[in-house]
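Observations on the model geometry
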Amino acid sequence: MGYQSIFRADAFADKVIIVTGGGSGIGRCTAHELASLGAQVVITGRKIEKLEKTAAEISEDGGKVHFIVCDNREEEQVKSMIAKVVEKFGKLDGLVNNAGGQFPSALENISANGFDAVVRNNLHSTFYLMREAYNQWMAKHGGSIVNMTADMWGGMPGMGHSGAARSGVDNLTKTASVEWGKSGVRVNAVAPGWIISSGMDNYSGDFAKVIIPSLAGNVPLKRMGTESEISSAICYLLSDAAAFVSGVTLRIDGAASQGTRMYPLADATNSQSFNGFHRAFIPEIFKDEAGKAEQRSAQPQDDKLGLE
């Protein structure tokens with residue numbers, strides 16, 4: 001069984017698309033879907049082991065994949081990576097700026113180095129990649145860029161450094177869509193809410209034990225999202241169907257970013273999810289009893305997620 005995308009099988013035939021952070025989580029899922037739709041996918045990341053594993057999966061499924069080790073926080077490495085892609089494949093049609101990360105902390109406890117590291121990881125890296133994709137190819141040939149941000153409209157208590165960086169990505173997306181429209185370059189972003197992804201396993205302490213198990217209850221749809229639900233939105237924004245869509249940040253959060261704390265959320269009915277990723281798996285943090293119950297709430301009624 002291959003990836004069960006809702007898009008036609010040749011939607012990205014002959015397209016060359018970079019997915020940063022493609023060795024795990026949402027990036028891995030997106031790389032799989034794009035490859036299943038005919039794209040030549042280039043996945044990047046800092047850890048070669050993850051890239052090798054994901055590349056092997058995609059190749060086994062019949063997709064076209066190439067990987068390059070790159071630390072997106074380092075400007076020169078980004079310049080080199082983009083140059084290698086253009087030289088090897090002769091073009092660059094799309095860029096998915098997926099890579100990023102943060103750690104939970106109250107503002108008063110974040111050091112200068114910690115703040116700088118998260119902003120550099122999420123905002124600076126996104127800028128370097130966008131700029132080099134544009135300067136080295138897209139300025140003369142057009143293209144599509146999809147950035148990754150987050151639900152930061154009401155602030156991000158407990159992750160203020162990430163909120164600041166992700167807000168910057170949102171604004172950077174809007175600015176680039178205006179400045180680069182002259183070149184036929186579309187720039188959009190996705191803002192995932194709480195997603196069942198391997199990234200959840202990076203957290204520990206109270207955040208893992210208290211906060212994560214409570215997330216689904218704070219979503220109007222009363223569930224967390226799947227990696228496939230983010231990937232499908234990214235694929236749409238990259239596709240020809242979104243040829244007149246630019247400067248948009250698409251919220252994919254089950255309406256969690258809407259409403260107020262004064263409005264009580266009722267129990268949800270008829271809430272079903274989409275998961276076409278045949279190689280998806282349940283993160284370790286969801287494998288206890290509470291996690292299993294939360295995972296079940298995120299599954300469609302026919303329970304055919306294809307989870308390992």
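Below you will find a few notes about this structure. Sequence order sets the numbering: in each chain, residues are counted from 1 along the sequence as written. For a predicted model such as this one, the threshold for reporting local features is a pLDDT of at least 70, and the threshold for listing and counting side-chain atom pairs is 80 or more; totals across whole chains, interfaces and linings nevertheless cover every residue. Side-chain figures throughout are based on the complete set of non-hydrogen atoms in the structure, without hydrogens or water.

1. Details of the overall build of the protein chain
The cut-off we apply is this: Here a strand is any run of E in DSSP of at least two residues, a helix any run of H or I of at least four, and the numbering for each starts at the N terminus. For the exposure calls, accessible area comes from a 1.4 Å probe over protein chains only, and a residue counts as buried if that area is under 20% of its type's maximum, exposed if over 50%, partly exposed in between. Two residues form a contact once any of their heavy atoms are found within 4.5 Å. Using the Shrake-Rupley algorithm and a 1.4 Å probe, accessible areas are obtained, with residue cover drawn only from the displayed protein chains.
Looking only at helices and strands, the protein chain has eight helices and nine strands in total. With 308 residues in all, the protein chain has 52% of them scored as buried. For the protein chain, long-range pairs separated by at least 24 residues make up 79% of all intrachain contacts whose partners lie at least 6 apart in sequence. With the model as given, the accessible surface of the protein chain reaches about 14400 Å², and the carbon-plus-sulfur share is 51%.

2. Structural notes on the sheet that holds strand β3 (residues 64–69)
Heads up, the condition is: A pair of strands counts as paired when DSSP detects no fewer than two bridges linking them. Helix axes are fitted only over the stretch in contact, all axes being lines through C-alpha atoms; the angle between N-to-C directions runs from 0 to 180 degrees.
With parallel pairing, seven strands are arranged side by side in an open sheet as β3-β2-β1-β4-β5-β6-β9. Bordering the open sheet on either side are β3 and β9 (249–252), each of which pairs with just one other strand. Here the strands of the sheet are splayed against their neighbours by 20° on average, with no regard to which way each runs. Pairing geometry for strand β4 (residues 94–97) and strand β5 (residues 143–148), over four bridges, is parallel. Counted as the bridge partner of L95 is I145 from β5. Helix α2 (residues 48–60) contacts β2 (40–45) and β3 of the sheet and is inclined by roughly 175° relative to β3. Those strands touched by helix α4 (residues 112–141) are β1 (16–20), β4, β5 and β6 (185–192), and its axis lies near 175° from that of β4.

3. What about the nonpolar core?
Convention followed: Side-chain atoms within 4.5 Å link the members of a nonpolar core, which is a set of buried Ala, Val, Leu, Ile, Met, Phe, Trp, Tyr and Cys residues.
Core analysis: the largest hydrophobic core is formed by 29 residues, its most contacted members being L34, V190 and I234. Secondary-structure elements contributing two or more residues to this core are β1, α1 (25–36), β2, α2, β5 and α7 (227–238). No other element matches the six residues that α7 contributes to this core. The contact partners of L34, leaving out residues within four places of it in the chain, are F12, I17, V19, A39, V41, V96, C235 and L238.

4. Quick look at the side chain of T149
Here is the rule: Polar contact is defined as a pair of N or O atoms within 3.5 Å, subject to the rule that within protein one atom must be able to donate a hydrogen and the other to accept it, and that residues adjacent in sequence are counted only when both atoms are side-chain atoms.
In this fold, T149 is placed in the loop between β5 and α5 (160–179). Note on T149: relative accessible area 2%, which makes it buried. Within polar-contact distance, the side chain of T149 engages the backbone oxygen of R166 at 2.9 Å. In contact with T149, not counting residues within four places along its chain, are R166, V169, A189, V190, A191, P192 and T249.

5. What about the packing of α1 against α7?
Each pair of packed helices gets described by two things: the angle between the helix axes and the distance between those axes. Operational definition: An angle below 35 degrees is read as roughly parallel, one above 145 as roughly antiparallel, one from 65 to 115 as roughly perpendicular, and any other as oblique. Crossing handedness is defined as follows: a turn of the near helix away from the far one that is anticlockwise and smaller than a right angle gives a left-handed crossing, while the clockwise case is right-handed. Ten residues, namely Ala, Val, Leu, Ile, Met, Phe, Trp, Tyr, Cys and Pro, are considered nonpolar, four, namely Asp, Glu, Lys and Arg, are considered charged, and the remaining ones, Gly among them, are considered polar.
The N-to-C vectors of α1 and α7 enclose an angle of 55°; their axes lie 9 Å apart at closest approach. Put simply, α1 runs oblique to α7. Where α1 crosses over α7, the two elements pack in a sense that is right-handed. Touching G25, I26, C29, T30, E33 and L34 of α1 are E227, S228, I230, S231, S232, I234, C235 and L238, all from α7. In terms of residue class, the contact of α1 with α7 is built from seven nonpolar, five polar and two charged.

6. A closer look at the pattern of salt bridges
It is possible for side chains of opposite charge to pair when their charged atoms get near one another. The condition is simple: A pair is scored as a salt bridge if a Lys or Arg side-chain nitrogen falls within 4 Å of a carboxyl oxygen belonging to Asp or Glu.
Tallying each qualifying case throughout the model produces twelve salt bridges. The partner of E60 in a salt bridge is R279, with the nearest N and O atoms 3.6 Å apart. Of the two residues, E60 is situated in helix α2 and R279 in the loop between β9 and α8 (289–297); the sequence distance between them amounts to 219 residues. With a shortest N-O distance of 2.9 Å, R73 and D71 are connected by a salt bridge. Take D71: its relative accessible area is 13%, and that puts it in the buried class.

7. Let's talk about the environment of D267
Within the fold, D267 resides in the loop between β9 and α8. With a relative accessible area of 71%, D267 lands in the exposed category. C-alpha of D267 to C-alpha of L221: the two residues are 46 residues apart in sequence and 8.3 Å apart in space.

8. Topic: unusual backbone geometry
The backbone of D14 shows a phi angle near 70°, a positive value even though the residue is not glycine. Among the structural elements, D14 can be located in the segment before β1. Unlike most non-glycine residues, K222 shows phi in positive territory, near 60°. Tracing the backbone shows K222 in the loop between α6 (205–214) and β8 (225–226).

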